[in-house]
Amino acid sequence: MRRREESYREVAVDAMEIIIQPDPEHAGDLVAQEIVRLFTEKPTAVLGLATGSSPLPIYRALRRRFEAGEVSFAHGMAFTLDEYVGLPYGHPESYRAVIRREIADHLDLPPESLTTPQPHTDDLDGAAAAYDQAIRDAGGVDFQILGIGENGHIGFNEPGVSLGSRTHVGTLTPSTREANARFFEGDLDQVPTQCITQGLGTIMEARQIVLVATGPRKAEAIAQLVEGGVSQKWPATILQHHPRTTVIVDEEAAAGLELLDHYRASYGAVPTWRAT
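Conventions and cut-offs
- Residues numbered from 1 in each chain as written.
- Predicted model: local features only at pLDDT ≥ 70, side-chain atom pairs only at ≥ 80, totals over all residues.
- Heavy atoms only, no water.
- Phe/Tyr/Trp six-rings, centres within 6.5 Å; stacked < 30°, edge-to-face > 60°.
- Helix = DSSP H or I, 4+ residues; strand = E, 2+ residues; numbered from the N terminus.
- Buried < 20%, exposed > 50% of the residue type's maximum accessible area, 1.4 Å probe, protein only.
- Contact = heavy atoms within 4.5 Å.

Draft legend 1. Up close: the packing of aromatic side chains. Going through the model one piece at a time under the given rule, you end up with six aromatic pairs. The interplanar angle of 70° and the centroid separation of 5.8 Å between the aromatic rings of F79 and Y131 together place this pair among those described as edge-to-face. With a gap of 52 residues between them, F79 in strand 3 (residues 77-80) and Y131 in helix 4 (residues 124-137) connect regions that are remote in the sequence. Since its relative accessible area comes to 0%, F79 is described here as buried. Overall, the relative accessible area of 3% leaves Y131 in the buried class. Centroid distance Y84 to Y95: 4.6 Å. Interplanar angle 40°. Geometry classified as tilted. A residue pair is termed long-range when its members are at least 10 positions apart, and Y84 in strand 4 (residues 82-85) and Y95 in helix 3 (residues 95-102) qualify at 11 residues. Judged on exposure class, the residue Y84 and its partner Y95 are both buried. Three or more aromatic residues link up through ring pairs in this structure, and these residues are Y84, Y95, F156 and F184.

So, in structure tokens, the structure goes:
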């Protein structure tokens, strides 16, 4: 796998950017716009893809923009955040299958350019280390999409994980498994208990991070992420130390933010983030 040497424009940011949008679709199109800008300037860019409900509006908007001829991913690469351990090969709810179904198969991204952790092995720790190395060999992730769990997890980095963790085998908390049961016909017993996930240290190496959250159930996690202290109790709070992170939320997810008026005013001073 060749290393990507081209560099996307570097933008100095002195604080986490908070952007409030009226609804998930506006938020999704805003992120898609920035991804189009990235691949226009750097066609060989490396994209970090997340699963779950929050990124779906991004993927819908990105598909529309691709179909309109605004962008090509033919020379790009993509890495997923994580993968379940214990599902049969080809299971429709494996994260490789989900990412292909929701976005990758609808773009001109070459199939071999989509990389996911390998859960079908007797050496899961070795697979985790190999995944970390594959990201390094690709030159690192240029643009990482993130969602956030109600307990503050990003990827499958559950509360208590090391803030400097690398890609690793993890155990899912009961609350995360309950939240994900909706993808398994509501049957908790079908939800895996283990995963391979990029670690927080791995995620923090992405050059640009955009976290999207919508709905009232994400309000507490967003309040902790943006205005709380950095803590293993809320793993996403490590993003406060990232030099280029943007948090995009709808009104409901923003409801717990005390500095809401400040964030609204600050958005007017960030000309990059404009839906077109």
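Draft legend 2. Representation of the side chain of Q144. Among the structural elements, Q144 can be located in strand 6 (residues 143-146). A relative accessible area of 0% means that Q144 is categorised as buried. Sequence-distant contacts of Q144, defined by excluding residues within four places in its chain, comprise G48, L49, L81, Q198, A206, Q208, I209 and V210.

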